[in-house]
Amino acid sequence: LAKTGEFEFLARLLPRLASGRGVVVGPGDDCAVVAVGRQRWLITTDALVEGTHFRPRWFTPQQLGRKAYLVNASDIAAMGGRPRYVLAALAVPARYPDRDLMRLNIGIAKAAAETGACVIGGNLTRADRLSVTITLVGEMRGTPVLRRGAQPGDALFVSGELGSAAYGRRLLSRRVTARGHEVRRFREPVPRLEAAALLAQHRLASAMIDVSDGLLQDLGHLCAASGVGARVEVEQLPCRPSIRAAGHALALSGGEDYELLCAVPMHRLARMRKLQHRFGCQMTRIGAVMPKSYGVRAVDALGTVYSGPTGFDHFHASTAARRHRRTPRSS
Ligand SMILES: [Mg+2]
């Protein structure tokens, strides 16, 4: 896998998976979509693994459970859905204190309750290293927003802020007692459920994804699915001054942001502005969808081009060497 890389492997695997009755969207988007009667359900799964996504002292057990849940909720948001039912599969070393295991599960359950979901089951198994795998079922009212659907000329928007979480992870890896806004952003992503539901409900977004592996990487996925290219204006990226000062790489390919990235047709912009006050977060225009031949590029004021995707791949030799990087991409 170090030679193949995560994404090339998936590109080979996915065509070999047979579809089934009721499958509206199969593998390859932020969530699968299945139809049960007239209702559409979103299903996604994601794991946090000790040593790959975190070191033991980076999170309290409750914070870890919380994050494991929230990164999944972000994938439900990426389609415009609402989290509903949670399955939690935990692999735990025998030495792990049962008090901590309880706190970890409470972390999952509390975060779920705050976003309208509840834990309905799971699994507990022994392992050498701690891992938390969450499967989340979301309810979809209306039509889910997919990664495909963006058209050249659409505006590109991103929610919230970029780069802080990656910076927080960097701070923690240097000093486990690090604190502050960036560390909070890393420990506790904020799934943009309100904004996403509005974007879907009002059909504002032609395509959407959540930024988990880095802006350029995930923009690359959206563009590949849509058969388009994209241009990002680096100066427009919503970053704190401290992040901007640390360089563009954090915002472009840092990862762990769990923000929404979406394409919005020009004729929907006025409607979007009217709804902005209900989103619960800033939506920043960062560029435009281009024809496929343009590629995926971020350009700064000096004309320097950062071409993507350059985010995280779990297995590729060039990035797997950067250990303790980020949470996995989803299905
Ligand atoms: Mg995703």
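As a reminder, the structure under discussion sits directly above these lines.
Here the structure is a predicted model, which is why all the values come from computation and not from measurement. (Residues numbered from 1 in each chain as written. Predicted model: local features only at pLDDT ≥ 70, side-chain atom pairs only at ≥ 80, totals over all residues. Heavy atoms only, no water.)

If you walk through the whole model with that rule in mind, you get 15 salt bridges. Here Asp30 makes a salt bridge to Arg147, at a shortest N to O gap of 3.2 Å. Linking Asp30 in the loop between strand E1 (23–25) and strand E2 (32–36) with Arg147 in the loop between strand E6 (131–140) and strand E7 (155–159), this pair joins segments that are 117 residues apart in sequence. In this structure Asp30 comes out as buried when scored by relative accessible area, which is 1%. (Salt bridge = Lys/Arg side-chain N within 4 Å of Asp/Glu carboxyl O. Helix = DSSP H or I, 4+ residues; strand = E, 2+ residues; numbered from the N terminus. Buried < 20%, exposed > 50% of the residue type's maximum accessible area, 1.4 Å probe, protein only.)

Taken together, the protein donors to the magnesium ion comprise Asp30 (OD), Asp75 (OD) and Asp210 (OD), at separations of 2.0 to 2.1 Å. Donor residues binding the magnesium ion come from one chain and are separated in sequence as D-x44-D-x134-D. Residue Asp30 is located in the loop between E1 and E2, and its partner Asp75 is located in helix H2 (residues 61–77); the two are separated by 45 residues in the primary sequence. The same class applies to Asp30 as to Asp75, namely buried. (Donors = N, O, S within 2.8 Å, 3.2 Å for Na, K, Ca; no water.)

A few words now on the state of the cysteines. Summed over the entire model, instances satisfying the criterion amount to zero disulfides. The closest cysteine sulfur to the non-disulfide-bonded Cys31 is located on Cys262, 16 Å from its own sulfur. The class of Cys31 is buried, set by a relative accessible area of 0%. Of all cysteine sulfurs, the one in Cys281 lies closest to Cys262, which takes part in no disulfide; the gap is 9.6 Å. (Disulfide = S-S within 2.5 Å.)

Mapping Glu182 onto the fold places it in helix H5 (residues 181–187). One buried charged side chain, Glu182, makes no salt bridge at all; its nearest oppositely charged neighbour is Arg240, positioned 5.0 Å away. Side-chain polar atoms of Glu182 contact the side chain of Ser242, separated by 3.2 Å. Those residues within four positions of Glu182 in sequence are excluded, and the remaining contacts are Ser164, Ala165, Tyr167, Gly168, Leu171, Arg240, Ser242 and Ile243. (Lys, Arg positive; Asp, Glu negative; His and termini not counted. Polar contact = N/O pair within 3.5 Å; in protein donor to acceptor, adjacent residues only side chain to side chain. Contact = heavy atoms within 4.5 Å.)

Its 12 residues give helix H7 (residues 215–226) an end-to-end C-alpha distance of 16 Å, which sits within 8% of 16 Å, the value for a rise of 1.5 Å per residue. Within H7, 10 of the 12 residues are buried, leaving the element largely enclosed by the surrounding structure. Within the span of H7, buried status applies to Leu215, Leu216, Gln217, Asp218, Leu219, Gly220, His221, Leu222, Cys223 and Ser226. Immediately beyond the C-terminal end of H7, within one or two residues, lies Gly227, with a positive phi of roughly 70°. (Expected span 1.5 Å × (residues − 1).)

This part is about the packing of H2 against helix H3 (residues 98–114). Relative to each other, H2 and H3 sit at 40°, their axes nearing to 7 Å. Taken together, the axis directions place H2 and H3 in an arrangement best described as oblique. For the element pair H2 and H3, the recorded crossing hand is right-handed. Along its contact with H2, which presents Pro61, Gln62, Leu64, Gly65, Arg66, Tyr69 and Leu70, the element H3 presents Asp100, Arg103, Leu104, Ile106, Gly107, Ile108, Lys110, Ala111, Ala112 and Glu114. Looking at the contact of H2 with H3 residue by residue, the class counts come to nine nonpolar, three polar and five charged. (Axes fitted to C-alpha atoms, helices over the stretch in contact; angles between N-to-C directions. Parallel < 35°, antiparallel > 145°, perpendicular 65-115°, else oblique. Left-handed = near helix turned anticlockwise from the far one by under 90°. Nonpolar A, V, L, I, M, F, W, Y, C, P; charged D, E, K, R; others polar.)

Unusually for a residue other than glycine, Arg203 sits at a positive phi of about 50°. Its place among the elements puts Arg203 in the loop between helix H6 (193–201) and strand E8 (207–211). For Glu256, which is not glycine, the phi dihedral falls at a positive 70°.

Strand pairing within a sheet occurs via backbone hydrogen bonds; the two strands may be parallel or antiparallel. Read from one edge of the open sheet, six strands run E1-E2-E3-E6-E4-E5, paired in mixed fashion. The sheet is open, and its two edges are formed by E1 and strand E5 (118–126), each paired on a single side. Within the sheet, the average angular offset between the axes of one strand and its neighbour, ignoring direction, is 25°. The strands touched by H3 within the sheet are strand E4 (82–92), E5 and E6, with E4 carrying the most contacts at an inclination of about 165°. (Pairing = 2+ DSSP bridges.)

Let us look at the nonpolar core. Core analysis: the largest hydrophobic core is formed by 58 residues, its most contacted members being Tyr69, Ile108, Leu199 and Phe279. Tallying contributions element by element places H2 first for this core, with seven residues. In this view, Ile108 contacts Gly65, Arg66, Tyr69, Val86, Ala88, Leu90, Val119, Val132 and Ile134; residues no more than four positions away in its chain are not counted. (Core = buried A, V, L, I, M, F, W, Y, C linked by side-chain atoms within 4.5 Å.)

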